[in-house]
Each structure stands twice: as C-alpha cells, then as structure tokens.
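Commentary on secondary and tertiary structure
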Amino acid sequence: MDQDATRLDDRTALVTGGAAGIGAGIATALARRGAAVVLVDNDETALDRTVAELTQGGCTALGVVADVRERSSTEMMRGAVGELSGGRLDVLVNNVGDHRPWGPFAQTSEEDWTAVYRLNFEHVLRVTRAFLPSMIERRSGSIINVSSVEGLRGVPNCTVYAALKAAVLNFTAGLSTEVGQYGVRVNAIAPDVTDTPQFPLHRLIGPEYHDQIPRWVPLGRFGTPEDHGDVAAFLASDAARWVTGQTIRVDGGTLASPGWFRRDEHRFTNVPRNFI
Ligand SMILES: NC(=O)c1ccc[n+]([C@@H]2O[C@H](COP(=O)([O-])OP(=O)(O)OC[C@H]3O[C@@H](n4cnc5c(N)ncnc54)[C@H](O)[C@@H]3O)[C@@H](O)[C@H]2O)c1
C-alpha cells in the first residue's frame, strides 16, 4: 500500500457516548485522521463542547443529543449520518456503558438488572442492527465495541455489569464470523483504569497513594482517552484490514497477570498487602 493505511479520509464514523471520556478520545482520534464523525450523547453541554473543539480544529463533526437506551435514538443517528455522508457509515463505535452502581448481587432487583442491561448491552445490539445492513450491502465496514477487562474476569459487587460486558465480547466474536464474508469487521476494546468523568482515578485515588500506581499498572500510569482513541483508529482503518473478532485489552497491562503487584524492581506478590 502506498498510502498511509491508518488514515480515515472520506470515511464516516459514529461514536456513542462521544462527548466525554473514552468516547471523546475515540471520536477525536478518528476525526484527526480524516473521518467525518457523528458524536451521539445525552449530555448536551459536553457534546457541544467536544463538537466545537473538533470543528475549531478543522475536523468534520456533528453532534446528536440522544439517549442510546431509547429506540428512537437510532432514527436520529441515521438522520445525522444522512446529513454528513448521504447515509454511508463506515465506522461504528458502540461505546456507552457504566459500571455503577456497585453492590451485592443478593440486594439487586429485576429492575436493577434491566437498567444495567439497557445501559451496557441492549443499545449495542440496536445501534449495530440499525447500521449493519447497509455495511453488508456495501461490502465494507468496521464495528468497534467498547467492553471492559471486567468482561474477561469475575467482579464481586459488579456482577451484572461484568456479565453484560462479557456479552459484548461474545457478541463481537460471533458477529465477526457471521459478517466477515461481507467485508465487515467487528472488534472490541477492553479498557481498564482510564481517567474519565465516570472513573476519575486521580481524584478517587488520593495523592498519597499515587506512588503505588506503578505497582498496580505494569506500564506505570493510568490510561487516558487518547490511549483508546489510537487503538480504535487502528481498528477502524485499513491497517487492521485482516483483523476481526478480536478483543484488544487497552489496560496498561493490568489483566496480563491479574492479582500480581510489583513490590520493587525485581519482586512481585499476589498476597494481600496486610498478610506480608
Ligand atoms: N474508564 C474506565 O477505566 C473504563 C474501564 C472499563 C470499561 N470502560 C468502558 O468504556 C466506556 C466509556 O467509559 P468512560 O469511562 O469513558 O465513561 P464516561 O461516563 O466518562 O463517558 C461516557 C459518555 O457517554 C455518555 N452517555 C452515558 N449514558 C448515555 C446514554 N444513555 N446515551 C447517550 N450517551 C450516554 C456520557 O454523557 C459520556 O459523555 C464504557 O462502556 C465503560 O463501561 C471504561
């Protein structure tokens, strides 16, 4: 290939939850590589701010104020994609999700499970279903689902969220096999410990503990939305033309040896701190 295969010129992308956090990082990375981007979010103020930053930076971006839990949101998304590209969507990023609230499973209700399902999985199905037929028809497209490292392990007090993030990964794998024949690729990102409005790590973890971060995260720092943006941009682009059905853990290495922490340069422990 002569051209830079990571460029996204002449592509149209849509990112759910694109106003802040990881979604904004992804929308920005796609737009800076040349894609026209639709950002969908239910926080109008944050959406206006992020869209303005992108357009002032010379990017093409359009905001859609919508709640992805509502069925009607897909019509609004279709309208925006129609406006930007006549209806052609090349890259879909299903990013909305939330791990809150935490609590013992025994104390949860059926209404709680439905709420977690609607926020973490149902819209992934609905938005994918809305845009997949046209990708199949055109014989091209890249779908990126934002899951979590929690979809790859058990999480006490966050069991339903983690189970639904696992569902996102299984959906990614099965769908990739189903639609590979049409040139549509489906991949996932599994984040961990990334500083965002939902997970403001530098505030949650007091400054007195910041010297512990390198013991926790092998690459020595918390993640940023930009770390995810670069990986999503790769998956969206022709540089990943033979990559589908994959989950890329964008976690600074936290899940590589779960439960193991660095004590000093050469020593590691998997024993709770107060036992040693
Ligand atoms: N931050 C992390 O460390 C981390 C770890 C694992 C997984 N994740 C996953 O990454 C994704 C993004 O996480 P984040 O930390 O950036 O979240 P965030 O809450 O900081 O940002 C989410 C964005 O989505 C928007 N949003 C929320 N609900 C919406 C709805 N119903 N309709 C439309 N927009 C909505 C919010 O307004 C916000 O702009 C989520 O799926 C999350 O589960 C994040």
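First, a word on what this report is: a plain description of the structure on this page. Quick caveat, the model's predicted, so the values are computed rather than measured. (Residues numbered from 1 in each chain as written. Predicted model: local features only at pLDDT ≥ 70, side-chain atom pairs only at ≥ 80, totals over all residues. Heavy atoms only, no water.)

With that settled, the discussion passes to the pattern of salt bridges. Applying the stated criterion to the full structure yields 15 salt bridges. A salt bridge links Arg 69 to Asp 67, with the shortest nitrogen-to-oxygen separation between them at 2.7 Å. One salt bridge connects Asp 98 with Arg 100, and the closest N-O pair in it is separated by 2.8 Å. On the accessibility criterion, Arg 100 (43% relative accessible area) is partly exposed. One continuous salt-bridge network, built from bridges that share partners, spans Glu 70, Arg 118, Glu 122 and Arg 126. (Salt bridge = Lys/Arg side-chain N within 4 Å of Asp/Glu carboxyl O. Buried < 20%, exposed > 50% of the residue type's maximum accessible area, 1.4 Å probe, protein only.)

Glancing now at the sheet that holds strand β4 (residues 91-94). Taken in spatial order, the 7 strands line up as β3-β2-β1-β4-β5-β6-β7 in an open sheet, and their pairing is parallel. Pairing within the sheet leaves two strands with one partner each, and these edge strands are β3 (61-65) and β7 (247-250). Neighbour to neighbour, the strand axes of the sheet diverge by 15° on average, direction disregarded. Alignment of strand β5 (residues 141-146) against strand β6 (residues 184-191), held across 6 bridges, turns out to be parallel. In the sheet register, Ile 144 faces β6, and the bridge partner there is Asn 187. Taken strand by strand, helix α4 (residues 110-138) contacts β1 (12-16), β4, β5 and β6, and its axis lies near 170° from that of β4. (Pairing = 2+ DSSP bridges. Helix = DSSP H or I, 4+ residues; strand = E, 2+ residues; numbered from the N terminus. Axes fitted to C-alpha atoms, helices over the stretch in contact; angles between N-to-C directions. Contact = heavy atoms within 4.5 Å.)

The next point concerns the side chain of His 123. Relative to the elements of secondary structure, His 123 occurs in helix α4. In terms of polar contacts, His 123 uses its side chain to reach the backbone carbonyl oxygen of Leu 119, at 2.9 Å. Excluding its chain neighbours within four sequence positions, the residues that come into contact with His 123 are Val 68, Asn 94, Val 96, Arg 118 and Thr 128. (Polar contact = N/O pair within 3.5 Å; in protein donor to acceptor, adjacent residues only side chain to side chain.)

Turning next to the environment of Thr 177. Structurally, Thr 177 can be placed in helix α5 (residues 159-179). Counting along the chain gives 67 residues from Thr 177 to Thr 244, while the straight-line C-alpha distance between them is 8.2 Å.

Now for the pairing of strand β2 (residues 36-41). Remark: a regular strand shows side chains that alternate across the two faces of the sheet. For β2, the buried fraction is high: 6 of the 6 residues fall into the buried class. Here β2 shows a buried face lined by Ala 36, Val 38 and Val 40 and a second buried face lined by Val 37, Leu 39 and Asp 41. Two strands pair when backbone bridges link them, and β1 and β2 are joined in this way by 5 bridges, in the parallel orientation. Bridged to Leu 14 within β2 is Val 38. After leaving β1, the chain enters helix α1 (residues 21-32) and then returns to the sheet as β2, a path that is right-handed. (Right-handed = clockwise from strand over helix to strand, strands pointing away.)

Turning to the side chain of Thr 269, a few remarks are in order. For Thr 269, the location among the structural elements is in strand β9 (residues 268-269). Since its relative accessible area comes to 8%, Thr 269 is described here as buried. Among the polar contacts made by the side chain of Thr 269, one reaches the main-chain amide nitrogen of Val 271 at a distance of 3.0 Å.

Time to look at the nonpolar core. One finds Ile 26, Leu 30, Val 37, Leu 39, Val 93 and Ile 144 to be the most contacted residues of the largest nonpolar core, which totals 30 residues. Elements represented by at least two residues in this core include exactly β1, α1, β2, α2 (44-56), β4, β5 and α8 (225-236). When residues in this core are grouped by element, the largest group, 6 residues, is from α1. (Core = buried A, V, L, I, M, F, W, Y, C linked by side-chain atoms within 4.5 Å.)

Attention shifts here to the environment of Val 243. With respect to the element layout, Val 243 can be found in the loop between α8 and β7. Placed 67 residues apart in sequence, Val 243 and Ser 176 show a C-alpha to C-alpha distance of 9.8 Å. With sequence-adjacent residues up to four places away left out, Val 243 is seen in contact with Arg 185, Asn 187, Phe 234 and Leu 235.

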